[in-house]
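The primary structure of each chain is shown beneath.
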Amino acid sequence: ALGQEKGTVSDSIKVSFVRHGETDSTGVNRVLSAAGRRRISALTERYTPCRPLLIVSSILERAMQSAFILSQAYQVDPIMDSRLNEPRSAVAGIPPRLDLETWERYIKGFHEVLVEVLSSSAAEVMIVAHSGTVDAMFDLLGTKGTVEVAMDHGAVTEFKYRPGDPEGEWLFLKHNWHPEMTRP
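Our subject in this report is the structure included herewith. In this text, all values refer to a predicted model and were calculated from it rather than measured experimentally.

With that settled, the discussion passes to the overall build of the protein. What the protein contains, in helices and strands, is four helices and six strands. Scanning the protein from its N terminus toward the C terminus, one meets helices and strands in the order β-α-β-α-β-α-β-α-β-β. With the C-alpha coordinates aligned to their principal axes, the bounding extent of the protein is approximately 45 × 40 × 30 Å. Taken over 184 residues, the protein has a buried fraction of 49%. For the protein, long-range pairs separated by at least 24 residues make up 69% of all intrachain contacts whose partners lie at least 6 apart in sequence. Counting 20 positive and 24 negative side-chain charges, the protein places the averaged centre of each group 3 Å from the other.

Inspection of the entire model under this criterion finds nine aromatic pairs. Taking the centre distance of 5.7 Å and the plane angle of 65 degrees together, the rings of phenylalanine 138 and phenylalanine 159 count as edge-to-face. With phenylalanine 138 in helix 4 (residues 131–143) and phenylalanine 159 in strand 5 (residues 156–161), this residue pair connects regions lying 21 residues apart in the sequence. No difference in accessibility class separates phenylalanine 138 from phenylalanine 159, as the two residues are buried.

As a further point, take helix 2 (residues 61–74). Between the first and last C-alpha of helix 2 there are 20 Å, a value that for 14 residues agrees with the 20 Å anticipated at 1.5 Å per step. Of the surrounding elements, those touching the buried residues of helix 2 are strand 1 (13–19), helix 1 (34–46), strand 2 (53–57), strand 3 (79–80) and strand 4 (124–129).

With that settled, the discussion passes to the side chain of serine 57. Topologically, serine 57 is positioned in strand 2. Residue classification places serine 57 among the buried residues on the basis of a relative accessible area of 0%. Within the structure, serine 57 has its side chain in polar contact with the backbone oxygen of alanine 63 (distance 3.4 Å). The contact partners of serine 57, leaving out residues within four places of it in the chain, are Ala63, Met64, Ala67, Ile79, Met80, Asp81, Leu84 and Val128.

This part is about the pairing of strand 4. Among the six residues in strand 4, six count as buried, and that is most of the element. Residue alternation in strand 4 divides its side chains into two sets, Glu124, Met126 and Val128 and Val125, Ile127 and Ala129, and both sets are buried. Pairing of strand 1 with strand 4, which is carried by six bridges, proceeds in the parallel orientation. If you follow valine 15 over to strand 4, its bridge partner there is valine 125. Bridge count for strand 2 against strand 4 is five bridges, and the pairing is parallel.

The angle between the axes and the distance between the axes are what describe a pair of packed helices. At a closest axis distance of 9 Å, the pairing of helix 1 and helix 2 adopts a crossing angle of 30 degrees. By the criterion of interaxial angle, the relationship of helix 1 to helix 2 is roughly parallel. The chirality of how helix 1 crosses helix 2 is right-handed. Counted together, Arg37, Ile40, Ser41, Leu43 and Thr44 of helix 1 and Ser66, Ile69, Leu70, Ala73 and Tyr74 of helix 2 form the full contact between these two elements. Residues that form the contact of helix 1 with helix 2 fall into these classes: six nonpolar, three polar and one charged.

Mapping valine 115 onto the fold places it in helix 3 (residues 100–118). Since its relative accessible area comes to 16%, valine 115 is described here as buried. Taking the C-alpha atoms as reference points, valine 115 and alanine 136, separated by 21 residues in sequence, lie 14 Å from one another.

Cut-offs used in this document
- Residues numbered from 1 in each chain as written.
- Predicted model: local features only at pLDDT ≥ 70, side-chain atom pairs only at ≥ 80, totals over all residues.
- Heavy atoms only, no water.
- Helix = DSSP H or I, 4+ residues; strand = E, 2+ residues; numbered from the N terminus.
- Buried < 20%, exposed > 50% of the residue type's maximum accessible area, 1.4 Å probe, protein only.
- Contact = heavy atoms within 4.5 Å.
- Lys, Arg positive; Asp, Glu negative; His and termini not counted.
- Charge placed at Lys NZ, Arg CZ, Asp CG, Glu CD.
- Phe/Tyr/Trp six-rings, centres within 6.5 Å; stacked < 30°, edge-to-face > 60°.
- Expected span 1.5 Å × (residues − 1).
- Polar contact = N/O pair within 3.5 Å; in protein donor to acceptor, adjacent residues only side chain to side chain.
- Pairing = 2+ DSSP bridges.
- Axes fitted to C-alpha atoms, helices over the stretch in contact; angles between N-to-C directions.
- Parallel < 35°, antiparallel > 145°, perpendicular 65-115°, else oblique.
- Left-handed = near helix turned anticlockwise from the far one by under 90°.
- Nonpolar A, V, L, I, M, F, W, Y, C, P; charged D, E, K, R; others polar.

Encoded structure:
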């Protein structure tokens, strides 16, 4: 099962997913808009992560910019990992999730990152990436394409990994929380 791989920790660990802030453009090398930077900055003022914190980010510019804002506020050096990059379909006009080969390659890379971060000594791992990353998480938990998850820019989705817990190793804590909401 997910998380039972060699090297995982026995204590619980929070895994939070932050979708990058909004962008002004389309394409691969998008950068954060002023509104996107404001939303990520507002997130740092309202969201208090567990410590020690590990931030891991896609290397696409919009995610790296978001991770940089978060890392400055939380005083943590982010780790950049291309396995978290948003997948691009090999077939023009087909969403990546519907291009099975592309999606399976993305799931494999995401799974590798997840196994690595679950082996860390962090109390919380913050994964700064793209909306499909939460879809990948649900797929790894067994939904296999039956659930698609909408996630706002600059929003947080949280799980808690609890190895060996008889009620379930993965606890789904919150979805799509953003700074404009009343409570984190």
